[in-house]
Amino acid sequence: MSETKILLAEKEMPTHWYNIQADMPQLPRPPLHPVTGKPVGPDDLKAIFPTSLIEQEMTRERWVEIPEEVREIYRLWRPSPLHRAHRLEKALDTPARIFYKYEGVSPAGSHKLNTAVPQAYFNKKEGIKRLTTETGAGQWGVALSQACNFFGLECTVYMVKVSYHQKPYRRSMMEIFGAKVYASPSEQTAAGRRILSAEPDSPGSLGIAISEAVEDAAGREDTNYALGSVLNHVLLHQTVIGLEAREQMAKAGYYPDVVIACCGGGSNFGGLVFPFAHDKLAREAKVRLVAVEPSACPTLTRGKFAYDYGDVAGLTPLLPMYTLGAEFMPPGIHAGGLRYHGDSPLVSQLVHDGVAEARAFNQTDVFQSAIMFARSEGIVPAPESAHAIACAIQEALAAREAGEAKTILFNLSGHGFLDLPSYDAYLAGKLEDYPLPEEELARSLSRLPKVDLG
Ligand SMILES: *Cc1c(COP(=O)(O)O)cnc(C)c1O
């Protein structure tokens, strides 16, 4: 039997991040200023982002060097392992080879630390003392709290209220690392107070929490804002995942036929997939790239490719992306990290141009796949990551039908040790599916800003 775990030595860790903007057949349209409607320039972003990250957001250079200070912290858990899921293959009785890259080995328990560390580093280097952010399920808040702790920055986190109550231990973790955490909508900001007065019991959403974090950062000279997904520089930082995985697949002696990742804002998808997208775009590799989302929040599969705000209050630039509408309020599904109304412009463009494809799964099917994976491989996956597992299992079963020995690679973006209440609900038969009703989607999309994407 071939290897189960394919490892890289520390010295084999990537020295540069890969920027897909160098290879895309069609670049996304520029972000637009929320007030003037004109393309956003570097100066518009300086109120909340450091210059170095703004440059990374806009550059078309193929390779961006990873600073040694960042690599030193990456070495706490990187390179992360690539596993061959022999036992899952056997359970599925499939001729397919299933590999997964495991990002749950990071101290934060997910891939999010890959970008939290460089974001804290570049802010610190430019004299910033404090970062604000939003968090859904809490993984991003935990990652940023840890990264701020490493570089001696203060950290304030606006956490979506439903998750604040559903996932209390993530707040504990943020506080261990010294962050201040507010349930959003909160009384701390004008945006939060406005929502609370209209709807005192609002469960919150990422769109609302972003409004709060941006408002807080824009109002203070010593404070910047950090976003855990969606933006180009975030996906850039995450490409360490795919660069390592490509080396590891080569060591294992296989190249994937299909690469799969779950997709909330697109960062773990971009992270694993973009280096393979490079092979597809620049070297004619025949590889399928699949983004997986919840059918309760089906941004890529049922949303509209349009300019939309990143937040509810309309403080962020308009981004060209697949969107369900900035006011879309997703149901409280357990994959909190996949409840965003929009998506990365880079991922959206690739799906729009047919370079990548998208699929949606119901949460009961997702949890069923998660349990099967846990019982075969011994790892309890994050509910978000389990969307990728559900899709990988579907591909493996299709391979069995077709008698085809294809190679599947997916991203296990995090572990689910702090999501056990969700598993309890599933095992007690209390989870429901919430396929998005057509009328609700139409209502939300009817309120999109009237800006032509051409
Ligand atoms: C946040 C999160 C996601 C979703 O975010 P992306 O930016 O789409 O990657 C997926 N998996 C885990 C474990 C997460 O924490």
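Residues numbered from 1 in each chain as written. Predicted model: local features only at pLDDT ≥ 70, side-chain atom pairs only at ≥ 80, totals over all residues. Heavy atoms only, no water.

## A closer look at the sheet that holds strand β14 (residues 357-361)
In spatial order, the strands read β1-β4-β5-β15-β10-β11-β14; together these seven strands make up an open sheet with mixed pairing. If you trace the sheet from one side to the other, it starts and ends with β1 (5-6) and β14, each paired once. As judged from the three bridges shared by strand β4 (residues 82-84) and strand β5 (residues 97-102), these two strands associate in the antiparallel manner. Looking at the pairing, Leu-82 lines up with Lys-101 of β5. Running over the sheet, helix α13 (residues 267-283) touches β5, β10 (258-262), β11 (288-294) and β15 (407-412) and is turned about 155° from β10. Helix α17 (residues 383-402) rests against β5, β10, β11, β14 and β15 of the sheet, and its axis sits at about 150° to β10. (Pairing = 2+ DSSP bridges. Helix = DSSP H or I, 4+ residues; strand = E, 2+ residues; numbered from the N terminus. Contact = heavy atoms within 4.5 Å. Axes fitted to C-alpha atoms, helices over the stretch in contact; angles between N-to-C directions.)

## Some thoughts on the site of the ligand
Surrounding the ligand, one finds 19 residues, the nearest of these being Lys-112, Ser-229, Gly-264, Ser-267 and Ser-413. Interatomic distance of 3.0 Å between a backbone N/O atom of Gly-265 and an oxygen atom of the ligand. Within the contact set of the ligand, an oxygen atom lies 2.9 Å away from a backbone nitrogen or oxygen of Gly-266. Summarising the interface, the protein chains cover 97% of the accessible area of the ligand, which totals 380 Å² for the free molecule. Elements represented by at least two residues in the shell around the ligand include exactly α13 and α17. A class-by-class count of the residues in the shell around the ligand yields four nonpolar, 13 polar and two charged. (Near = heavy atom within 4 Å. Polar contact = N/O pair within 3.5 Å; in protein donor to acceptor, adjacent residues only side chain to side chain. Areas by Shrake-Rupley, 256 points an atom, 1.4 Å probe, with all protein chains shown as cover. Nonpolar A, V, L, I, M, F, W, Y, C, P; charged D, E, K, R; others polar.)

## Some thoughts on the side chain of Asp-311
Along the polypeptide, Asp-311 turns up in the loop between β12 (304-309) and β13 (318-323). Here Asp-311 is buried and forms no salt bridge, its nearest opposite-charge partner Arg-194 lying at an N-O distance of 7.8 Å. Engagement of the side chain of Asp-311 in a polar contact is seen with the backbone nitrogen of Thr-316, the distance being 3.3 Å. (Buried < 20%, exposed > 50% of the residue type's maximum accessible area, 1.4 Å probe, protein only. Lys, Arg positive; Asp, Glu negative; His and termini not counted. Salt bridge = Lys/Arg side-chain N within 4 Å of Asp/Glu carboxyl O.)

## Notes on the pattern of salt bridges
A complete count under the given rule lists 23 salt bridges for this structure. Of the charged contacts in the structure, one is a salt bridge between Lys-251 and Glu-12, with a shortest N-O distance of 3.4 Å. Here Lys-251, found in helix α12 (residues 240-252), pairs with Glu-12, found in the loop between β1 and β2 (16-18); they are 239 residues apart in sequence, far enough to count as distant. Assessed through its relative accessible area of 44%, Lys-251 is described here as partly exposed. Note that Glu-175 and Arg-171 form a salt bridge whose closest N and O atoms lie 3.2 Å from each other. You can see Glu-175 and its partner Arg-171 sitting in helix α8 (residues 168-176), four residues apart, about one turn around the helix.

## Focus: unusual backbone geometry
Look at the link from Arg-78 to Pro-79: it is a cis peptide, with omega at -10°. By secondary structure assignment, the location of Pro-79 is in the loop between α3 (68-74) and β4. Of the consecutive residues Ser-184 and Pro-185, the connecting peptide bond is found in the cis state with omega at 10°. Relative to the elements of secondary structure, Pro-185 occurs in the loop between β8 (180-184) and α9 (190-198). The backbone phi angle of Val-230 is positive, close to 70°, even though this residue is not glycine. You can see Val-230 is positioned in the loop between β9 (223-225) and α11 (232-238).

## So, the environment of Trp-17
Within the fold, Trp-17 resides in strand β2. Within the structure, the side chain of Trp-17 is placed 3.4 Å from the side chain of Tyr-74, a separation counted as a polar contact.

## Concerning the domain arrangement of the protein
Considered domain by domain, the protein is made up of domain 1 (5-10 + 76-109 + 238-445) and domain 2 (13-66 + 111-232). Between domain 1 and domain 2, the C-alpha centre-to-centre distance is 21 Å. With 60 residues of domain 1 at the interface, the matching set in domain 2 holds 59 residues. Between domain 1 and domain 2 the total buried area reaches about 4800 Å² when both faces are included, carbon and sulfur atoms providing 66% of it. Of all residues in domain 1, the largest losses of buried area upon contact with domain 2 belong to Gln-238, Leu-346 and Leu-418, amounting jointly to 13% of the total for that side. On inspection of domain 1 and its partner domain 2, the count reaches two salt bridges. Here Lys-167 ties to Asp-419 by a salt bridge, and the two come within 2.7 Å at their closest N and O atoms. Where domain 1 meets domain 2, there are 24 residue pairs in polar contact (both at pLDDT 80 or more). Elements represented by at least two residues in the side of domain 1 that touches domain 2 include exactly α12, α13, β12, β13, α15 (345-352) and α18 (420-427). The element contributing the most residues to the side of domain 1 that touches domain 2 is α13, with eight residues. Residues belonging to the side of domain 1 that touches domain 2 are distributed by class as follows: 31 nonpolar, 19 polar and ten charged. (Domains from an automatic or database assignment. Buried area = accessible area lost by both parts, 1.4 Å probe.)

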